[in-house]
Amino acid sequence: MPTAAAATALSFCISSQAPSSSAASTSQQLNIHLATKPKSVLQNHPLYSPTHANLSFQIKEKILCLEIMGVDSGKALSLNPSLHSASLDSIHSIIYFLQSKGIQQKDLPRIFGMCPKVLTSDIKTDLDPVFNFLSQDLRVPEHNFRKVVNKCPRLLASSARDQLKPALFYLQRLGFKDKEALAYRDPVLLVSNVEHTLIPKLKYFETIGLSKAEAVVMVLRCPALFTFSVENNFKPKFEYFVEQMKRKLEELKEFPQYFAFSLEKRIKPRHIEAVENGVKLSLPDLLKSTDKEFSELIKRSGGR
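All figures in this text were calculated on a predicted structure; none of them were measured in a lab.

Draft legend 1. Inspection of the overall build of the protein chain at higher detail. Counting its regular elements, the protein chain contains 18 helices and zero strands. When each of the 304 residues of the protein chain is scored for burial, the buried share is 45%. A separation threshold of at least 6 residues defines the contact pool for the protein chain, and within that pool the share at least 24 residues apart is 67%. Carbon and sulfur atoms make up 51% of the accessible area of the protein chain, which amounts to about 15700 Å² in all.

Draft legend 2. The pattern of salt bridges, seen in detail. Summed over all chains, the structure comprises 10 salt bridges. Across the salt bridge formed by K235 and E231, the nearest N and O atoms sit 2.7 Å from each other. Of this pair, K235 and E231 are both found in helix α14 (residues 230-243), four residues apart, which corresponds to roughly one turn of the helix. The exposed category is assigned to E231, whose relative accessible area is 51%. In this structure, a network of salt bridges that share partners links the residues E214, E250 and K253.

Draft legend 3. Fine view of the nonpolar core. In terms of nonpolar packing, the biggest core is built from 85 residues, with L98, F112, L134, F205, Y258 and F259 touching the most fellow members. With seven residues, helix α10 (residues 160-174) is the largest single contributor of residues to this core.

Draft legend 4. Quick look at helix α12 (residues 194-207). Its 14 residues place the ends of α12 19 Å apart at the C-alpha level, agreeing with the 20 Å of an ideal helix rising 1.5 Å per residue. Within α12, the axis deviates most sharply at P200, by approximately 30°. By the burial criterion, the buried members of α12 are V194, L198, K201, L202, Y204 and F205. Structurally, α12 contributes buried residues whose contacts are with α10, α13 (212-221) and α14. Put simply, N193 is the residue that caps the front of α12, since its side-chain oxygen is 3.0 Å from the backbone nitrogen of E195. Directly beyond the C-terminal end of α12, a positive phi value near 115° is found at G209.

Draft legend 5. View of the packing of aromatic side chains. Using the criterion set out here, one finds 13 aromatic pairs in the structure. For the ring pair Y204 and F234, a centre distance of 5.6 Å and an interplane angle of 15° mean the geometry is stacked. Residue Y204 is found in helix α12, and its partner F234 is found in helix α14; the two are separated by 30 residues along the sequence. The buried category is assigned to F234, whose relative accessible area is 0%. In this structure, R270 packs its charged tip against the face of F294, placed 4.4 Å from the ring centre.

Draft legend 6. Fine view of the environment of L225. As for its placement among the helices and strands, L225 is situated in the loop between α13 and α14. Among all residues touching L225, those that are not within four sequence positions of it are K201, F205, M218, V219, F234, P256 and F259.

Draft legend 7. Representation of the packing of α12 against α14. Here α12 crosses α14 at 15°, and the two axes come no closer than 12 Å. With respect to α14, the element α12 is oriented roughly parallel. The handedness of the crossing between α12 and α14 is right-handed. Here K201, Y204 and F205 of α12 lie close against α14, whose contacting residues are V230, F234, K235 and F238. Here the residues of the contact of α12 with α14 sort into five nonpolar, no polar and two charged.

Draft legend 8. Examining the side chain of R270 more closely. Tracing the sequence through the fold places R270 in helix α16 (residues 263-276). Accessibility expressed as a relative area gives 5% for R270, which makes it buried. Engagement of the side chain of R270 in a polar contact is seen with the backbone oxygen of S289, the distance being 3.0 Å. Excluding its chain neighbours within four sequence positions, the residues that come into contact with R270 are L286, L287, S289, T290, D291 and F294.

Draft legend 9. View of α10. For α10, which comprises 15 residues, the first-to-last C-alpha distance of 20 Å matches the rise-based estimate of 21 Å (1.5 Å per residue) to within 8%. For α10, the secondary structure elements touched by its buried residues are α8 (123-137), α11 (179-184), α12 and α13. The N-cap of α10, judged by a side-chain oxygen 3.4 Å from the amide nitrogen of R161 a few residues on, is S159. In the stretch just after α10, G175 is the one whose phi turns positive, near 130°.

What counts as what
- By convention here, each chain's residues receive numbers from 1 onward along its written sequence.
- Per-residue local features of the predicted model are confined to residues with pLDDT of at least 70, and side-chain atom pairs are confined, for both listing and counting, to 80 or more; whole-chain, interface and lining totals are unaffected and use all residues.
- Based on all heavy atoms of the structure, the side-chain values leave hydrogens and waters out of the count.
- Strands here mean DSSP runs of E at least two residues long; helices mean DSSP runs of H or I at least four residues long; both are numbered from the N terminus.
- Classification of residues uses two cut-offs on accessible area relative to the type maximum, computed with a 1.4 Å probe and protein chains only: under 20% is buried, over 50% is exposed, and between them is partly exposed.
- Any pair of residues with heavy atoms lying within 4.5 Å of one another is described as a contacting pair.
- In this description, accessible areas are obtained by the Shrake-Rupley approach with a 1.4 Å probe, and a residue is regarded as covered only by the protein chains that are shown.
- The salt bridge definition used is simple: a Lys or Arg side-chain nitrogen within 4 Å of an Asp or Glu carboxyl oxygen.
- Throughout, nonpolar core names a set of buried Ala, Val, Leu, Ile, Met, Phe, Trp, Tyr and Cys residues whose side chains join them through atoms within 4.5 Å.
- The span expected for a helix works out to 1.5 Å for each residue beyond the first.
- One fitted axis covers the seven residues ending at a residue, a second covers the seven starting there, and the bend at that residue is the angle between these axes.
- Counted as a polar contact is a pair of N or O atoms within 3.5 Å, where, for protein atoms, one must be capable of donating a hydrogen and the other of accepting one, and residues adjacent in sequence contribute only when both atoms are in side chains.
- Pairing of aromatic rings covers Phe, Tyr and Trp, the last counted by its six-membered ring, and requires centre-to-centre distances within 6.5 Å; plane angles under 30 degrees mean stacked, over 60 mean edge-to-face, and any other angle means tilted.
- Charges are assigned to positions over rings by a cutoff of 6 Å between ring centre and Lys NZ or Arg CZ, combined with an angular limit of 35 degrees from the ring normal.
- The angle between two axes is taken between their N-to-C directions and runs from 0 to 180 degrees, where each axis is a line fitted to C-alpha atoms and a helix contributes only its stretch in contact.
- In these notes the angle categories are as follows: under 35 degrees is roughly parallel, over 145 is roughly antiparallel, 65 to 115 is roughly perpendicular, and the rest is oblique.
- For any helix crossing, the convention is left-handed if the near helix is rotated counterclockwise from the far helix by under a right angle, and right-handed if that rotation is clockwise.
- Note that Gly is not counted as nonpolar here; it falls among the polar residues with everything else outside the nonpolar set of Ala, Val, Leu, Ile, Met, Phe, Trp, Tyr, Cys and Pro and the charged set of Asp, Glu, Lys and Arg.

Right under this line is the structure:
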């Protein structure tokens, strides 16, 4: 976002009590901004109607503030109805609080776009505890707050007490001892519900014949497994693994990254090509190699 636009957006957020002479200007800017949007977008805008000119100056200024920052105000207002009554002072406070923690203006569109709930958070009871969690529980230095938040903006919309700390405790019990890895590489695990997300995925691996200990080893080797869907990822890929590839569980235990590859774009075509050439490759060779490397492997293995 250009610097000028950022400054304009921030000035709107800061000015909750604008002089009446600026109201017409803001109204005009909003009308021009909305006029540039596709008709379908306008019709779906929570605050848009043919009489949107009658909206209060405060509401128009709020929409303009969000839009100039690069945030889809319609989506934000739809996902977070509390924004309708939020004051510009409160939005301004959120922005400055985040900036005091190292978050930059250019980060805000993505953060607020993904988590509009943050715009109406309470700094003391919602946001402060999250940054305290990053500092005290994950040992993230203040100058790295931005890196972690940008990796997973949902951290800011999660309760430190009810979500982040329980998830960290559970993951540590499983064997995730590297807090730095959790903070910088896999923070999405911390915003995953323990009972409804993490535990069911571990239990799925037990249903296919792995012991709990073996399932734990798999997720420790490939934490991304906790981010995949049982129905849309695990089940169809395991079915293909067993029924078409005729492979054994031992191979999955050695290479749990199998589930990270696309079934249609990588697993199936590579398997079919290997079969057609009468070649049997290990899962890592079959899936991790580039297209060029894969072709060379087929040739070296006596492929037709």
